[in-house]
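# What the coordinates show
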Amino acid sequence: MTGRQRFLAAAQMKPVDTTPVWFMRQAGRSLPEYRALRERHDFMTVATTPELAARATLMPIDRLGVDAAVLFADIMLPLACMGVPFEIRPGVGPVIATPIRSAADIERLSLVPAREATPYVLEALRLTKDALGERAALLGFAGAPFTLACYLIEGRPAREFPRAKALMYGQPELWHRLMERLTAVTVDYLQAQIAAGADAVQLFDSWLGLLDPVSHAAMVLPYTRRIFAEIAPLVPAIHFSTGTASLLGEIASSGCAAVSVDWRLPLDRAWERLGPDVAIQGNLDPALVLAPWLAVEAGVGDVLERAGGRAGHIFNLGHGVLPQSDPDTLARIVRLVHGEA
Ligand code: CP3
């Protein structure tokens with residue numbers, strides 16, 4: 001099988017010749033060739049210049065031998081569709097000068113189609129697809145409405161996003177209005193990426209672990225379901241979150257093809273909670289990549305053993321590659337998962 005076929009088969013719970021593998025955040029962070037590119041251009045320049053974004057997307061493909069290429073972009077880019085200026089502050093993360101906290105703020109949000117607001121993302125996908133061929137599946141992605149709402153309301157990264165959660169609990173009507181807007185933007189943004197060549201998409205709900213199951217079911221799940229209802233007929237969709245062991249049953253019911261799980265539950269126990277109808281992605285602890293090879297090898301072996309060769313496992317880390325990871329270790333993990341080492 002080609003890498004692309006292998007990834008897409010696993011995402012659809014079909015048999016594979018060997019387990020497909022890729023790493024979240026494989027495109028930036030640990031690669032020296034990415035660091036060299038970043039010395040010449042700042043992050044937003046790379047993300048909004050199709051030739052540079054495509055180059056960064058392709059870097060890990062040859063170097064690591066992964067079965068999927070994740071577009072070099074950021075979850076904040078579709079804020080351009082809503083007319084919300086933001087900056088990505090190095091070492092801090094996304095910062096929004098005028099956070100969205102009132103009915104008037106929400107009414108002011110525009111809904112510009114992705115084709116107009118973020119044409120560079122779509123062109124980067126087309127360029128990457130041409131260069132990639134069958135070597136690897138091309139993954140588009142978006143931030144989920146809950147995680148985007150956290151940044152929009154809070155204005156900057158925070159440990160618990162207290163302002164965002166207070167608005168959700170205290171002004172549910174406003175919350176739902178904002179989630180409606182974000183859902184519409186996200187569906188359009190993902191559909192545009194699929195039309196531009198994305199073979200599959202991942203929805204990053206990075207901060208979902210802040211919620212209890214009851215709030216998740218009332219305040220987030222209906223929107224997640226709506227997104228996957230629009231995307232599932234087109235391509236396989238992966239749901240990503242961390243710290244959500246108590247939400248896995250509901251996440252599995254959201255209509256995605258696969259659920260990305262972190263390392264806080266062993267893979268077999270996470271899959272039990274998800275049930276038999278959904279594929280699973282994960283779930284090596286990213287910190288384990290920094291340990292001596294014997295420990296890495298044992299950890300990879302444990303994940304594969306718990307997957308038990310069942311159809312529908314995509315090997316990945318439980319969260320993004322840590323910046324201090326050695327690319328040679330990542331490449332060696334790929335060979336081990338593929339049964340070549
Ligand atoms: O493999 C890849 O790197 C693909 C591209 C990608 C980026 N961000 C590039 C990026 C992806 C998939 C993301 C997703 C993303 N962005 C998430 C969800 C994933 C997760 O980790 O939970 C989140 C929460 C963001 C928001 C964001 N953007 C943060 C927290 C940061 C880090 C800020 C910092 O400097 O510490 C960013 C910036 C960012 N996005 C970088 C990269 C490569 C670093 C910027 C740089 O190169 O200097």
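Within every chain, residues take consecutive numbers counted from 1 along the sequence as written. Local features are withheld for residues below a pLDDT of 70 in this predicted model, meaning they are given only at 70 or higher, and side-chain atom pairs are given and counted only at 80 or more; totals for whole chains, interfaces and linings count all residues. Hydrogens and water are ignored here; the side-chain numbers use all heavy atoms of the structure.

### Here we look at unusual backbone geometry
Filter applied, for reference: Comment: elements are numbered from the N terminus, with helices defined as DSSP H or I runs of at least four residues and strands as E runs of at least two.
The residue after G282, namely N283, is reached through a cis peptide bond having omega -5°. Relative to the helices and strands, N283 is located in strand β8 (residues 279-284). You will see that M13, though not glycine, has its phi angle at about 60°, which is positive.

### A closer look at the sheet that holds strand β9 (residues 313-317)
As a reminder, the rule being used: Whether two strands pair comes down to DSSP finding at least two bridges between them. Fitted lines through C-alpha atoms give the axes, limited to the stretch in contact for helices. The angle between two N-to-C directions lies from 0 to 180 degrees.
Spatially, β1-β4-β5-β6-β7-β8-β9 is the arrangement adopted by the seven strands of the open sheet, whose pairing is parallel. Every other strand in the sheet has two partners, leaving β1 (68-70) and β9 as the edge strands with one partner each. Each adjacent strand pair in this sheet contributes to an overall mean axis angle of 25°, direction not counted. As paired elements, β8 and β9 share five bridges and run parallel to each other. When the bridges of β9 are listed, N283 appears paired with N316.

### Focus on the packing of helix α8 (residues 119-132) against helix α11 (residues 172-195)
Axis angle and axis distance: for two packed helices, these are the angle between their axes and the distance between the axes, and together they describe the pair. Our working definition: Roughly parallel refers to an angle under 35 degrees, roughly antiparallel to one over 145, roughly perpendicular to one between 65 and 115, and oblique to any angle outside these ranges. The crossing is said to be left-handed when, going from far helix to near helix, the turn is anticlockwise and less than a right angle, and right-handed when the turn is clockwise. In this description, contact between two residues means that some pair of their heavy atoms is separated by no more than 4.5 Å.
Direction vectors running N to C along α8 and α11 enclose 30°, while the axes themselves pass 9 Å from each other. Taken together, the axis directions place α8 and α11 in an arrangement best described as roughly parallel. α11 is crossed by α8, and the crossing has right-handed handedness. Along the contact surface, α8 presents V121, L122 and L125, while α11 presents Y189, A192 and Q193.

### What about the site of the ligand?
What counts is decided by this rule: We call a residue near a molecule or strand whenever a single non-hydrogen atom of that residue lies within 4 Å of it. N or O atoms closer than or at 3.5 Å make up a polar contact, with two conditions inside protein: a donor-capable atom paired with an acceptor-capable one, and, for residues adjacent in sequence, both atoms drawn from side chains. Accessible surface area values rest on a Shrake-Rupley calculation with a 1.4 Å probe, where residue burial reflects the displayed protein chains alone. Buried and open spaces are told apart on a 1 Å grid over the protein atoms alone, a cavity being a set of points where a 1.4 Å probe fits but cannot get out and a pocket being an open set with protein on both sides within 12 Å along at least five of seven lines. Residues with an atom within 4 Å of a point are the lining residues. What decides whether a molecule sits in a cavity or pocket is whether more than half of its atoms lie within 2 Å of the grid points. Each residue gets one of three labels, nonpolar for Ala, Val, Leu, Ile, Met, Phe, Trp, Tyr, Cys and Pro, charged for Asp, Glu, Lys and Arg, and polar for the others, Gly among them.
Close to the ligand lie 24 residues, the nearest being A27, Y34, R38, D74 and S206. For the ligand, an oxygen atom lies 2.8 Å from a polar atom in the backbone of G91. Contact with the protein chains covers 86% of the free accessible surface of the ligand, which is 870 Å². With respect to the pocket detection grid, the ligand is positioned in the largest pocket. Among the elements of the structure, α2 (32-40) and β3 (93-95) are those that each provide at least two residues to the shell around the ligand. Across the shell around the ligand, the residue classes tally to 15 nonpolar, six polar and three charged.

### Structural notes on the side chain of T18
Tracing the sequence through the fold places T18 in the loop between α1 (3-11) and α2. A distance of 3.4 Å separates a polar atom in the side chain of T18 from the backbone oxygen of V337. Only 3.2 Å separates the side chain of T18 from the backbone oxygen of H338, close enough to count as a polar contact. Look past the residues within four positions of T18 in its chain and what remains in contact with it is R6, V337, H338 and G339.

### Considering α8
Let me state the cut-off plainly: One less than the number of residues in a helix, times 1.5 Å, gives the span that helix is expected to have. Each residue is placed in one exposure class: buried if its accessible area under a 1.4 Å probe, protein chains only, is under 20% of its type's maximum, exposed if it is over 50%, and partly exposed if it falls in between.
In this model, α8 (14 residues) spans 20 Å end to end at C-alpha, consistent with the 20 Å of a helix rising 1.5 Å per residue. The complete set of buried residues in α8 reads Y120, V121, L122, A124, L125, T128 and L132. G133, located one to two residues past α8, shows a positive phi value of around 60°.

Without other data, these values stay purely geometric and don't point to any function.
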